[in-house]
Amino acid sequence: MPIAMTKDQWARIHKWTESNDDPDATRRRNYVKYLNDTSREMTKHWPNSLDKVNKRNEELRQARIAAAEEANNKFYRRYMRRKREEQQELMYSARETVFKNTDAPKLLLSAVIETVVQKEREEQIKFNKELQKLAMEQKKKDDDEIIRKSKEWHQLMADRKKKRFDADKKYQKEILEQAKEVAERNRTEYETELEMQKIDNMKADAEMDALDKFDEDFKAAEKARILFDMKRSHEEFEKRQRENEARDRTDDRLIEVLQKSRARVEAKRKQTEKAMKNEKLRILEEISHKLESGDAARDQKEKENLEKAVREKDAAAKARRQADANREAKIKQERIEIQEQFLEKERQRLHELDTMHTWDMMNRFKNAELYEDYQKKLRDEKKRKIQEYRADILKLWREREEREAQARADTRHFYGELAEQKLRAQDNKLFTYWSRLLEEARRHGRPDHALLRVRDEYCKKYRLYPMPELPTSMQEHFEGYAPRDLSLPDQSYRYPPPPAREPDEGEEGGGLAGERRDGLQPSATEREPMPGPSKPRDYNPPVIDADYKRSAPANGMQRRKTMELSEACATNGCNCELKRK
């Protein structure tokens, strides 16, 4: 629970607590304070005290941070410079590639290849002559060896032929003997075969006779069977015909008997009907005699009933007519009321229609006025827009004329002076490149006819040779005219050198950025210093250990493995004696 009091009250309470403090505790506290002060004075100048160690660690940490920042800055400067140099080298390489991929440099390269091929062909001819000489010597040796082997082979063939002749004679004798045996065996087999064929023919004739006899017997039996069947079928037909005639006679007799019986039945029926009719008449006469006595009373009663029925029918018809009249009157009254309601609604509708028509006319006149005002505004707006559009068209027309004039001027400059400068620069570069290739070919002893031919074709194609002198009659009109020889490069032209590499920090010189090979290069002993790429062939780029970036968090405290702490301390002016990796 908080307590609110004044400062004097709090001082009085504090003084009261101090006055009642334990003397031993006070003495112990004073002794501890003395020990702390003495220890602080004693360790004030110690080099390995806690404060000094903390101070040195802080200085080392700041030195490491500064060294890491400096290393990072140095790395990034070197990295950006190297990227810039690579870009320049790539651009130079691209320009060289584009230049050497055009038609004329490609023809020059083809000519260089042709010179190399010609030189190689000369060397090949010499080599072929030497090979031909060696081949002739070897051929002479081979011919002698072949003649010797041929003689041995002919002798061997003669011996083999003699041995083969003897063997063939012996084999021929054996073959003749075997042929005689085979002919005798074949003759015997042939005679045996003929005897067997004769026996088979006799048996076949006997079988054929038996088959012919069997066919004749079978045909006779079949003919007799057919004749018997025909006779039997004729007899059966006659029998069926007699049966049909007997059946017809029986049917005729039955029909005659049936007709006679029907006539007797009809006569009997008529007789019976007549008797029944007579009996009915007799019975009716008896009934009529019995009913004649009650006819008057029955007629009176029937008359009364008829009158009563007529009166009831008249009353019902009268009531029905009265109901119909009442219903018609009611329907008429309802129709009158409906007609009056319809007329009232029609009057109201016509009044509303007239009022609406009046308002419609008024609105139409008002809309016509508003429409006229709207059309006038539209005409004014259209006129204003036409004026603005005309002004814009005139402005755009003037701008287009200025732009077209500037474009024509730029086009004339681009296809005129600038194009001529670029073409001349291209010719200068091509002729410089050609002179280098020609010098290289002559230095290596290669024929230069192909290179000269390509240059001559190029100069003729683009009309670079000087024009002939003007006639004497025209020279006075063209004073100061002198034909120009464009088939040689300008004296002031220099082949574009490759970009030079800037030296890194700590290096003595920049060196070359690299070496490019223009066609076929000479050997190392014959090579002359020529403007080439920026790097030599033995150039080894410095190995950059980028793993130090991953060895610690990205907080500027990264350091390389090869960097010593003493170097960082020496850079920052630290007198630390700790040297460790």
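Each chain carries its own residue numbering, running from 1 in the written order of its sequence. Local features in this predicted model are restricted to residues whose pLDDT is 70 or higher, and side-chain atom pairs enter the listing and the counts only when it is 80 or higher, whereas totals over whole chains, interfaces and linings include all residues. Only hydrogens and water are removed before side-chain values are computed, so all heavy atoms of the structure are retained for them.

**Comments concerning the overall build of the chain**
Helix and strand assignments follow DSSP, with helices taken as H or I runs no shorter than four residues and strands as E runs no shorter than two, numbered in order from the N terminus. Of regular secondary structure, the chain possesses eight helices and zero strands. Listed by position from the N terminus, the elements making up the chain come as α-α-α-α-α-α-α-α. With 581 residues in all, the chain has 13% of them scored as buried. Contacts: residue pairs with any heavy atoms within 4.5 Å of one another. Put simply, 66% of the contacts in the chain that link residues at least 6 apart link residues at least 24 apart. The protein chains shown are the only cover counted for residues, whose accessible areas, like all others here, come from Shrake-Rupley with a 1.4 Å probe. Looking at the chain as shown, the accessible area adds up to about 50,300 Å², and 56% of this sits on carbon and sulfur atoms. Only protein chains enter the calculation, and the probe is 1.4 Å; a residue is then buried if its accessible area is under 20% of its type maximum, exposed if over 50%, and partly exposed in between.

**What about the nonpolar core?**
The tendency in soluble globular proteins is for nonpolar side chains to be buried side by side. In this structure, Leu108, Leu430, Tyr433, Leu437, Leu451 and Tyr458 are the most contacted members of the largest nonpolar core, which totals 21 residues. Taken together, the elements giving at least two residues each to this core come down to helix H3 (50–100), helix H4 (103–291), helix H5 (295–443) and helix H6 (449–461). Among the elements that line this core, the one with the most residues is H5, at seven residues. Ignoring sequence-local partners within four residues, the contact set of leucine 430 consists of Phe99, Ala104, Pro105, Leu108 and Tyr458. Definition of nonpolar core: a set of buried residues of the types Ala, Val, Leu, Ile, Met, Phe, Trp, Tyr and Cys, connected through side-chain atoms within 4.5 Å.

**Considering a negative patch on the surface**
There is a patch of like negative charges on the surface, built from Asp205, Asp209, Asp212, Asp215, Glu216 and Asp217. One can find aspartate 209 in helix H4. Put simply, a patch holds well-exposed residues, over 30% relative accessible area, that have no salt bridge, with like charges counted together within 9 Å and Val, Leu, Ile, Met, Phe, Trp or Tyr side chains within 5 Å. Whenever Lys or Arg places a side-chain nitrogen within 4 Å of a carboxyl oxygen from Asp or Glu, that contact is recorded as a salt bridge. In this count, Lys and Arg are taken as positive residues and Asp and Glu as negative ones, while His and the chain termini are left out. Just so you know, the charge point we use is NZ for Lys, CZ for Arg, CG for Asp and CD for Glu.

**A look at the pattern of salt bridges**
Within this structure, the stated rule accounts for 26 salt bridges. One salt bridge connects lysine 139 with aspartate 143, and the closest N-O pair in it is separated by 3.2 Å. A residue pair is termed a helical-turn pair when its members lie 3 or 4 positions apart in one helix, as lysine 139 and aspartate 143 do in helix H4 at four residues. Judged by relative accessible area, aspartate 143 falls into the partly exposed class, the value being 31%. Several salt bridges share partner residues, and in doing so they unite Glu145, Arg148, Lys149 and Glu152 into one network.

**Focus on a nonpolar patch on the surface**
A surface patch of nonpolar side chains, about 410 Å² in accessible area, is lined by Tyr31, Val32, Tyr34 and Leu35. Relative to the elements of secondary structure, valine 32 occurs in helix H2 (residues 23–42). Note on valine 32: relative accessible area 40%, which makes it partly exposed.

**Overview of a positive patch on the surface**
On the surface, a cluster of positive charge is made up of Lys313, Lys318, Arg320 and Arg321. For lysine 318, the position within the fold is in helix H5. A relative accessible area of 60% places lysine 318 in the exposed class.

**A word on the confidence of the model for the chain**
Across the chain, each position has a pLDDT score giving the predictor's confidence in that residue, from 0 to 100. Residues of the chain with pLDDT of at least 70 account for 82%, and the chain-wide mean is 78. The lowest-confidence element of the chain is helix H8 (residues 565–572), averaging 42 in pLDDT; the highest-confidence one is H3, averaging 87. Within the model, the stretch residues 508–581 combines pLDDT values under 50 with 118 contacts to residues more than four positions away or in other chains.

**Observations concerning H6**
An expected span of 1.5 Å times one less than the residue number is assigned to each helix. Taking 1.5 Å per residue, 13 residues should reach 18 Å; H6 reaches 18 Å between its end C-alpha atoms and fits that length. Those residues of H6 lying buried are Ala450, Leu451, Val454, Arg455, Tyr458 and Cys459. Count one or two residues on from H6 and you reach arginine 463, which has phi positive near 55°.

**Some thoughts on the packing of aromatic side chains**
Each aromatic pair joins two rings of Phe, Tyr and Trp (for Trp, the six-membered one) with centres within 6.5 Å, and gets the label stacked for planes under 30 degrees apart, edge-to-face for over 60, and tilted for any other angle. Here the structure, examined in full by the defined rule, presents six aromatic pairs. Between phenylalanine 75 and tyrosine 76, the ring centres sit 5.4 Å apart and the planes meet at 65°, which makes this aromatic pair edge-to-face. Judged by centre distance (6.0 Å) and plane angle (85°), the ring pair of phenylalanine 431 and tyrosine 458 falls under edge-to-face. With a gap of 27 residues between them, phenylalanine 431 in helix H5 and tyrosine 458 in helix H6 connect regions that are remote in the sequence. Neither phenylalanine 431 nor tyrosine 458 differs from the other in exposure class; each is buried. Among the aromatic residues, those joined into a ring-pair cluster are Phe75, Tyr76 and Tyr79.

**Thoughts on the side chain of lysine 429**
Looking at the element boundaries, lysine 429 is found in helix H5. Excluding residues that lie within four positions of it along the chain, lysine 429 makes contacts with Arg95, Glu96, Phe99, Tyr493, Tyr495 and Pro496.

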